[in-house]
Amino acid sequence: MRIAIPREPEGHALVAATPQTAALLIRLGHEVAIEEGAGVRASFPDDAYLEQGASIVPESEVWNADVVLCVDAPSQERIASMHPGAILVSRLAPMRDPGLAERIAPTGITALAIDAVPRISRAQAMDVLSSQANVAGYRAVIEAASRFGRVFTGQVTAAGKMPPARVYVIGAGVAGLAAIGTANSMGARVHASDVRPEVGEQVESMGASFVPVPSLQEGSGDGYAKEMDADAAALARALYAEEAAKSDIVITTANIPGRRSPILLDEAAVAAMAPGSVIVDMAAANGGNCALTVPGEAITTGNGVTII
């Protein structure tokens, strides 16, 4: 079977297979074709794939393969160029693009949405949302630290003491717990909230203080939080604003599969934060948890709050 790895669009730093995973596919008896330059932005040059036995091909030869692996859903033009019976494996985000299945069906290909794998134990090895969220939670703290004007850990110097930074994480899923652990390891005082009361023990096990949300609802059986009703959401936003005003760093992680990300911090909440504070909005790609978020950009508000 011929398996092809295309180059992702400009601005995308990922590739669907590393030289090591390409080698595993080749060992199983498959032919692996890598589009020229597909791994360059991920620091995998073409030579690294060649050393593992893969072939380097032009774009024109990628989309006629038996199986195409890519990071995110390709354009309709690329999908249409695949032959009937071929298999597309990708993060397709079918709940965010409800017309995708209807566009794919006439092509005769089989499309596997790996971001729709359920969060259950026997599917963990294929759960790309959790694995990427774990990395993203770590990176969120690093991004915040690079913009923050002080160190995270407390310091005692000859000139006096400097208190540790206060980090507030909203949402204690995979990304939130990774952010909590990273911030705690860097010496910050970490607090976290989640609409699911059962995660309080997990938050505390990572070294943070759990701040419960008023009017909690029951947890979700699939591991994801459910959307709150209007009254409960208003109570929660009041808590988030109160905690954000006391914090140096706020990291928001609330995503609801198939829905726009809920607004957790409105303009007033941001205005109440101290100059030099940093917000990292991890839900920006799905609309954002902060009302002032600009997806893909880092901005500074009029009162000196940086929003990443």
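Residues numbered from 1 in each chain as written. Predicted model: local features only at pLDDT ≥ 70, side-chain atom pairs only at ≥ 80, totals over all residues. Heavy atoms only, no water.

With respect to the overall build of the protein
Thinking step 1. Check the secondary structure of the protein and you find 9 helices and 15 strands.
Thinking step 2. Counting only C-alpha atoms, the protein reaches 65 × 50 × 40 Å along its principal axes.
Thinking step 3. Computed over 22 positive and 34 negative side-chain charges, the separation of the two mean positions in the protein equals 5 Å. (Helix = DSSP H or I, 4+ residues; strand = E, 2+ residues; numbered from the N terminus. Lys, Arg positive; Asp, Glu negative; His and termini not counted. Charge placed at Lys NZ, Arg CZ, Asp CG, Glu CD.)

Points about the environment of alanine 33
Thinking step 1. By the secondary structure assignment, alanine 33 is in strand β2 (residues 31-35).
Thinking step 2. Placed 99 residues apart in sequence, alanine 33 and glutamine 132 show a C-alpha to C-alpha distance of 25 Å.
Thinking step 3. Setting aside its immediate chain neighbours within four residues, alanine 33 contacts Arg2, Ile3, Ala4, Ile5, Ser55 and Val57. (Contact = heavy atoms within 4.5 Å.)

Here we look at the side chain of threonine 253
Thinking step 1. With respect to the helices and strands, the residue threonine 253 is situated in the loop between β12 (249-252) and α9 (267-271).
Thinking step 2. Within the local environment of threonine 253, its side chain forms a polar contact with the backbone oxygen of isoleucine 170, the two atoms lying 2.9 Å apart.
Thinking step 3. Beyond its immediate sequence surroundings of up to four residues, threonine 253 is in contact with Val169, Ile170, Gly171, Gly176, Met282 and Asn289. (Polar contact = N/O pair within 3.5 Å; in protein donor to acceptor, adjacent residues only side chain to side chain.)

A word on the packing of helix α5 (residues 128-147) against helix α6 (residues 174-185)
Thinking step 1. The contact between α5 and α6 brings their axes to 7 Å, and the two run at 35 degrees. Between α5 and α6 the crossing geometry is right-handed. Here Ser130, Ala133, Asn134, Gly137, Tyr138 and Val141 of α5 lie close against α6, whose contacting residues are Val174, Ala175, Ala178, Ala179, Thr182 and Ala183.
Thinking step 2. A per-class count over the contact of α5 with α6 returns 8 nonpolar, 4 polar and no charged. (Axes fitted to C-alpha atoms, helices over the stretch in contact; angles between N-to-C directions. Left-handed = near helix turned anticlockwise from the far one by under 90°. Nonpolar A, V, L, I, M, F, W, Y, C, P; charged D, E, K, R; others polar.)

Concerning the environment of alanine 144
Thinking step 1. Within the element layout of this structure, alanine 144 appears in helix α5.
Thinking step 2. Owing to a relative accessible area of 0%, alanine 144 belongs among the buried residues under this scheme.
Thinking step 3. Remark: the alpha-carbon pair of alanine 144 and glutamine 155, spanning 11 residues in sequence, is separated by 19 Å.
Thinking step 4. Non-local contacts of alanine 144, meaning those with residues more than four positions away in its chain, are made with Ile249, Val278, Val280 and Ile308. (Buried < 20%, exposed > 50% of the residue type's maximum accessible area, 1.4 Å probe, protein only.)

Thoughts on the nonpolar core
Thinking step 1. Phe152, Val167 and Ile251 are the most contacted members of the largest nonpolar core, which totals 25 residues.
Thinking step 2. For this core, the secondary-structure elements that each account for two or more residues are α5, β9 (166-170), α6, β10 (189-193), β12 and β13 (278-281).
Thinking step 3. By residue number, the principal contributor to this core is α6, which donates 4 residues.
Thinking step 4. For isoleucine 251, the contacting residues outside a window of four places in its chain are Ala140, Val141, Val167, Tyr168, Val169, Ile170, Ala179, Val280 and Met282.
Thinking step 5. Membership of the second largest hydrophobic core comes to 20 residues, among which are Ala254, Leu264, Val305 and Ile307. (Core = buried A, V, L, I, M, F, W, Y, C linked by side-chain atoms within 4.5 Å.)

Quick word on the sheet that holds strand β1 (residues 2-5)
Thinking step 1. Here 6 strands make up an open sheet; going across it, the order is β3-β2-β1-β4-β5-β6 and the pairing parallel. The open sheet is flanked by β3 (55-57) and β6 (110-113), the only strands paired with a single partner. Pairwise comparison of adjacent strand axes, ignoring direction, gives a mean angle of 25 degrees for this sheet.
Thinking step 2. In this structure, strand β4 (residues 67-72) lies alongside strand β5 (residues 87-91), joined through 4 bridges in parallel fashion. Paired with valine 67 across the bridge in β5 is isoleucine 87. (Pairing = 2+ DSSP bridges.)

Topic: the pattern of salt bridges
Thinking step 1. Considering all chains together, one arrives at 12 salt bridges under this definition.
Thinking step 2. A salt bridge links arginine 7 to glutamate 35; the nearest nitrogen and oxygen atoms lie 3.9 Å apart. Of this pair, arginine 7 sits in the loop between β1 and α1 (19-27) while glutamate 35 sits in strand β2, placing them 28 residues apart in sequence.
Thinking step 3. Look at glutamate 35 and you get buried, because its relative accessible area is 5%.
Thinking step 4. In this structure, the salt-bridge partner of glutamate 243 is arginine 166, at a minimum N-O distance of 2.9 Å. (Salt bridge = Lys/Arg side-chain N within 4 Å of Asp/Glu carboxyl O.)

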